[in-house]
Structures are given as structure tokens and as C-alpha cells.
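# Descriptive structure summary
The residues making up each chain are set out below.
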2 protein chains.
Amino acid sequence: MTVKQLSMPDLVDACVQLDIGHVGLWREPVRAYGLEATAKLVRDAGLTVTTLCRGGFLTAIDPAERAGALADNRRAIDEAATLGTDTLVLVSGGLPPGSKDLRGARERIADALAELGPYAERHGVRLAIEPLHPMYAADRCVVSTLTQALDLAERFPAHQVGVTVDTYHLWWDDQAPPQIARAGAAGRIHIFQLADWTTPLPEGVLDGRGQIGDGSIDMREWKGYVEAAGYTGPIEVELFNEGLWARDGREVLAETARRFVRHVIA
Amino acid sequence: MTVKQLSMPDLVDACVQLDIGHVGLWREPVRAYGLEATAKLVRDAGLTVTTLCRGGFLTAIDPAERAGALADNRRAIDEAATLGTDTLVLVSGGLPPGSKDLRGARERIADALAELGPYAERHGVRLAIEPLHPMYAADRCVVSTLTQALDLAERFPAHQVGVTVDTYHLWWDDQAPPQIARAGAAGRIHIFQLADWTTPLPEGVLDGRGQIGDGSIDMREWKGYVEAAGYTGPIEVELFNEGLWARDGREVLAETARRFVRHVIA
């Protein structure tokens, strides 16, 4: 999504040119290019798919809507397996229209995970609950903290349900570092994602994730937390940013790789 | 601030007409009308000033900037005393330019409170640290949760430093209800404020606080938490909302009073 302006073949080619061996994919562009075609494209290029984004939206009360969401999540699990990734990121969903019951919504997510976890396991896929910043609690994700995500995940085996650790959503929370340790000890950090926090936030607060190094987050500090927790998996940079999307995609990818080296691993 | 389009005399008159006996004031309109003149106006009308908003912005590293902030907060304490309110609300301040150190910023707030608390006490004023929603952590307030606010406040006597409980900032946090109990047990809930959470958030996320009843927050639930914690003080409705500011101020105040009756106390 960081460079959604690139076609799937251009994205894969740009990754190969930049010596980026791993890529996280979103369902919409995969569907647009074709699931099997995407799987072949990345495989032939020698790329590993780190995660598929995203399943979730599991908070509906209406039975038909709920059944539809579960079916869609099973499809997402199938797609992840076809793409060769073992991780499906879940964005849990917000409050149903008119509801003010965050607790009830969180319980419905647990109910859905009880159905989806075993299905995912049979397909070799792990579900990674992503706590989203509290500013999304009403309309996008009622799971706002890593603590809440782990409280949900720990009702299930770690190879079925874990968490996504994303700096953009967690950087403000002084409880997140000890929760990363808790997640790591249980083998539940299924993916680690980076985006920087820049202000002012844009209207709707969806597409203001800052390029690495442009904002308030100390990326090395957070990399240190997941490493200290035993995490050795891939690190995704996931930026939703109108400014970056308006630029040449290959240039943005190259810049992102340079920022990653400078602010994360150098 | 809910009806900042009203002049001070019109605000006071509208409160009297609507049988609203208490009003929370902000420093800027008080200064514009004159401190002594405002004090006389509200006193003559029989109104009680619940709080003065706001002091704070105590995170600067630069010594001159820091000294300026402390001096400004002493003035705010003087103003609160002159207006006859015992509570000054504090918005702590964000990260200094270029800083990524939330912990350090929070420690500087504690240092400032050690200087301001005794000064406030001598003037009969309590400081009320307001945790602001985590979406303001970088640019406005590094104190994002009631837990953090209480951890700061508890280093000082309760009659010097307590907290502001505002539904808009805390509604998403499942740790806030037990923290309200903690605050109440220590006599540290210095003011209770209401605003509703509506989406989409506007650019800059400052002026999108919803009218009571328009959003995702169960106001009775939160009133129940502060009451169960022993709070018997005033309840402020504090809305920053471009849509409400564009309307007739008396009409908005009357609507707000009706919403308060319907969604909070009926």
C-alpha cells in the first residue's frame, strides 16, 4: 500500500531492483491483478510475501452481515495460503451503526476468532490482530491497545491468533513496550510494521502516515522492543499517505528503503 | 468554548435565562473582556465559575521557554483565583520540535508541577491535569491516559494536583473506568467534562467534538463511573465544533442544555 500507484508487475520488479526480498500485499490489488497470477509473479521473482492485509471487520450484530464477514475472512485465509504467506492481518472493525458498546463489539470479535482460528490453522495461516490507534475506535477498529489485542489473542493458540505490532498505532502508549514483551514471550508477534507519526492529521485521519524519519517515533527504540521480545521476522513499512501516492512509485520505494536503512537498521 | 461566538455578557445572560448556574471559562475570552470585568459580571449574575481553561504547555526544554511557561501558569492561577474558581485545567503540551522523547516530556511536566502546585495552593486553586486523546500526543499533550495523569498527580497532594476526566479523550480506554475509581478514592477528580465522539474527524482533529448524543459515547455510563467514584462536582460540556460555532450561540446553548437533560441526567 505504501506504493499503491505501482502495478503489481512494477511493484515486484522494483522490489527486485532494490534487493527487497519480502513484500506485504493487500487484497484489493491482488484481486485486481488476479490471485493466481500474483502468486506466480512473486514466486517467479523470488519474493516472499510477508503478510496479506487484511481480514477482520468482525463486529457486526446483524446475522447476515456477520455470516458475510466470516465468509469473507475464510476467503482471505485461502488467498493468504495461495500467496504463500503464513500471516493474515486483521483489522477488527468499528462500532455497528447506533451502537455505543465497545465491550460487546470486542466480544463478538472473540466469537468470530473461535470460528476462524481453526480454519486458518488448517490452511497454515496465522491471524494477526492489529490494534489500531484509539482515534479509529468508533469507525474502524474497537481494539485500540496491544493489551486488548493480546487479551483477545490469548484465548486461542499462538499458531492460530497473534498480533500485529505497528509503531503508528502504539507509539504513544507507555504500556505497549511491556505488552510487546508479553506478546514475544508467547510467540504472538506475527508481524512488525512501521510508519511515522506526523501532524497535522488529515481529514478522516486515514492517509496521514508519515515516511520513516519524518515524524515523532523513534524507530530504533521500537525495533529494540520487538527484538528484545525475541522477534526475528520481517519488518514491513506500511504508509498510507496521499503525498507519497502522488509521487513516482519507484522513487518512493527507493526513498523508503533508504529511510529504513538510515532510521531503523544503520 | 462550546458557544465562543457569544460575547461574555451574552454568555452570562444566556446562562441565566436557561437557569444554568455554573460556567467554565477559557482564558482568551476572559482576557478579551477583561479579567476584573468578567469576575464582576459572573458574580453579579450569580454564576459560579467551575474551571478556568487552561494552563499547561510545560514540556519545553529551552530554559527561557520553560521559564515563560511557568510564569504564564502562575498568571493563570492568579486569574482563576480572581474569577472565584478553585480549578485550573492543564493541557500538558506536546513534544518539543525534533524531540521523540515522550517519557522525558512527561518528567518535565512533573518538575513544573513541583513548582506550580505550592503556588496554586497558596491561591486556593487546584491544578487538574487533563489527559488528552492519544491523537494529540505529539503536538498538544504527551499525557494520553488517565493512568498517566494520575501517576503524575499522585506525586503531589490532592488539593494541589488532580485530574480532568473528559469523555471525549477517555471513552475508548477500557482502563479508564478503574482509573476513575482510583482518582475518586484519592479525591483527585477535579472536574468532569463531556463531549461526544463523532466521525469523520476534521483536518487537524481539533474541532470535531460532537454534541452530546450525536456520537459513540454512552454519557450515562461515564457519569455513573464518576458518581461511583464519589464525584459530586459540576459537569461541563466542552465542545469544539465548527458546525456549532457557525450557529446562533444562544440556540446552541439551549440545545446543549436539552441534550444534557436527555442524555446525561434524565
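Higher on the page you've got the structure.
What counts, and where the lines are drawn
Residues numbered from 1 in each chain as written. Chains lettered and ligands numbered in written order. Predicted model: local features only at pLDDT ≥ 70, side-chain atom pairs only at ≥ 80, totals over all residues. Heavy atoms only, no water. Helix = DSSP H or I, 4+ residues; strand = E, 2+ residues; numbered from the N terminus. Rg over C-alpha atoms; globule rule 2.2 N^0.38 Å. Contact = heavy atoms within 4.5 Å. Areas by Shrake-Rupley, 256 points an atom, 1.4 Å probe, with all protein chains shown as cover. Lys, Arg positive; Asp, Glu negative; His and termini not counted. Charge placed at Lys NZ, Arg CZ, Asp CG, Glu CD. Buried < 20%, exposed > 50% of the residue type's maximum accessible area, 1.4 Å probe, protein only. Pairing = 2+ DSSP bridges. Right-handed = clockwise from strand over helix to strand, strands pointing away. Axes fitted to C-alpha atoms, helices over the stretch in contact; angles between N-to-C directions. Left-handed = near helix turned anticlockwise from the far one by under 90°. Nonpolar A, V, L, I, M, F, W, Y, C, P; charged D, E, K, R; others polar. Buried area = accessible area lost by both parts, 1.4 Å probe. Salt bridge = Lys/Arg side-chain N within 4 Å of Asp/Glu carboxyl O. Polar contact = N/O pair within 3.5 Å; in protein donor to acceptor, adjacent residues only side chain to side chain. Core = buried A, V, L, I, M, F, W, Y, C linked by side-chain atoms within 4.5 Å. Least-squares fit on C-alpha atoms with pLDDT ≥ 70 in both. Phe/Tyr/Trp six-rings, centres within 6.5 Å; stacked < 30°, edge-to-face > 60°.

Let's shift gears to the overall build of chain A. Looking only at helices and strands, one finds 11 helices and 9 strands in chain A. The C-alpha atoms of chain A give 18 Å as radius of gyration, which agrees with the globular expectation for 266 residues (18 Å, within 12%). Its C-alpha atoms put chain A at 45 × 40 × 35 Å along the principal axes. Contacts spanning at least 24 positions in sequence make up 80% of the contacts within chain A whose residues lie at least 6 apart. Counting every atom, chain A has about 10,200 Å² of accessible surface; 51% of that belongs to carbon and sulfur. Chain A carries 27 positive and 37 negative side-chain charges, and their two centres are separated by 2 Å.

So, on to the pairing of strand β2 (residues 48–56) of chain B. All names here are of chain B. The buried fraction of β2 is high, at 7 of 9 residues. With 4 bridges connecting them, strand β1 (residues 22–26) and β2 associate as parallel partners. Its bridge partner lying in β2, leucine 25 is registered against leucine 52. Sheet topology note: the β2/strand β3 (residues 87–91) ladder contains 4 bridges and is parallel. Looking at β3, one finds that glycine 55 is bridged to leucine 90. Regarding the hand of the β-α-β motif, the stretch spanning β2, helix α4 (residues 63–83) and β3 is right-handed.

A few words on the packing of helix α4 (residues 63–83) of chain A against helix α5 (residues 102–122) of chain A. Residues and elements named next belong to chain A. The geometry of α4 relative to α5 is characterised by a closest axis approach of 10 Å and an angle of 35° between their N-to-C directions. Both α4 and α5 take part in a crossing whose hand is right-handed. Residue-level contacts link Arg66, Leu70, Asn73, Arg74, Ile77 and Asp78 of α4 to Arg108, Asp111, Ala112, Glu115, Leu116, Tyr119 and Ala120 of α5. Residue composition of the contact of α4 with α5, by class: 6 nonpolar, 1 polar and 6 charged.

Turning our attention to the interface of chain A and chain B. Between chain A and chain B, the contact holds 33 residues from the first and 33 residues from the second. Of the roughly 2,500 Å² buried at the junction of chain A and chain B (both faces included), carbon and sulfur atoms supply 58%. Contact with chain B buries area across many residues of chain A, yet Lys100, Trp171 and Trp172 of chain A alone supply 23% of it, more than any other trio. Scanning the region where chain A abuts chain B turns up 2 salt bridges. With a shortest N-O distance of 3.3 Å, arginine 103 of chain A and glutamate 221 of chain B are connected by a salt bridge. Counting every contact that joins chain A to chain B gives 10 residue pairs in polar contact (both at pLDDT 80 or more). Among the elements that make up the side of chain A that touches chain B, the one with the highest residue count is α5 of chain A (3 residues). Residue classes in the side of chain A that touches chain B are distributed as 15 nonpolar, 9 polar and 9 charged.

Residues and elements named next belong to chain B. Its location among the elements puts leucine 150 in helix α6 (residues 146–153). Leucine 150 gets classed as buried once you look at its relative accessible area, which sits at 0%. Each C-alpha atom of the pair leucine 150 and glycine 162 lies 7.3 Å from the other, and the pair is 12 residues apart in sequence. Once you skip the residues sitting within four places of it in the chain, leucine 150 turns out to touch Val163, Gln179, Arg182, Ala183 and Arg188.

It is worth spelling out the nonpolar core at this point. One finds Met135 and Trp171 of chain A together with Leu25, Met135 and Trp171 of chain B to be the most contacted residues of the largest nonpolar core, which totals 179 residues. With near-sequence residues (within four places) excluded, tryptophan 171 of chain B lies in contact with Leu95, Leu102, Ala137 and Ala138 of chain A together with Trp197, Ser216, Ile217 and Trp222 of chain B.

One chain copy maps onto the other through a rotation about an axis and a shift parallel to that axis. With an RMSD of 0.0 Å, the fit of chain A onto chain B corresponds to turning through 180° and sliding 0.0 Å along the axis. The superposition operator between the copies reduces to a two-fold rotation axis. Distance from the rotation axis, computed per C-alpha, reaches its smallest value in chain A at glutamate 203 of chain A: 1.9 Å. Interface overlap between copies is the fraction of interface residues in one copy that are interface residues in the other; for chain A against chain B it reaches 100%, indicating a shared surface.

Another point: the packing of aromatic side chains. Following the criterion strictly, the structure yields 13 aromatic pairs over all chains and no others. For the ring pair tryptophan 172 of chain A and tryptophan 172 of chain B, a centre distance of 5.5 Å and an interplane angle of 85° mean the geometry is edge-to-face. A residue pair is termed interchain when its members come from two chains, as with tryptophan 172 of chain A in the loop between α7 (167–170) and α8 (176–185) and tryptophan 172 of chain B in the loop between α7 (167–170) and α8 (176–185). Considered together, tryptophan 172 of chain A and tryptophan 172 of chain B belong to a single accessibility category, that of buried residues.

With that settled, consider the sheet that holds β3 of chain B. Strands pair in a sheet through their backbones, by hydrogen bonds, and they do so in one of two ways: parallel or antiparallel. Residue and element names in this part refer to chain B. With respect to topology, 7 strands assemble into an open sheet ordered β1-β2-β3-β4-β5-β6-β9, the strand pairing being parallel. The open sheet terminates on both sides in strands that have one partner only, identified here as β1 and β9 (235–237). Pairs of neighbouring strands in the sheet enclose a mean axial angle of 30°, with direction left out of account.

Another aspect to go through is the sheet that holds strand β6 (residues 189–194) of chain A. Residue and element names in this part refer to chain A. Across the sheet, which stays open at both edges, the 7 strands sit in the order β1-β2-β3-β4-β5-β6-β9 with parallel pairing between neighbours. Unpaired on one side and paired on the other, β1 (22–26) and β9 (235–237) mark the two borders of the sheet. Each neighbouring strand pair of the sheet contributes to a mean axis angle of 30°, computed without reference to strand direction. Relative to strand β4 (residues 126–129), α5 is tilted by about 140°, and along the sheet it contacts β3 (87–91), β4 and β5 (161–166).

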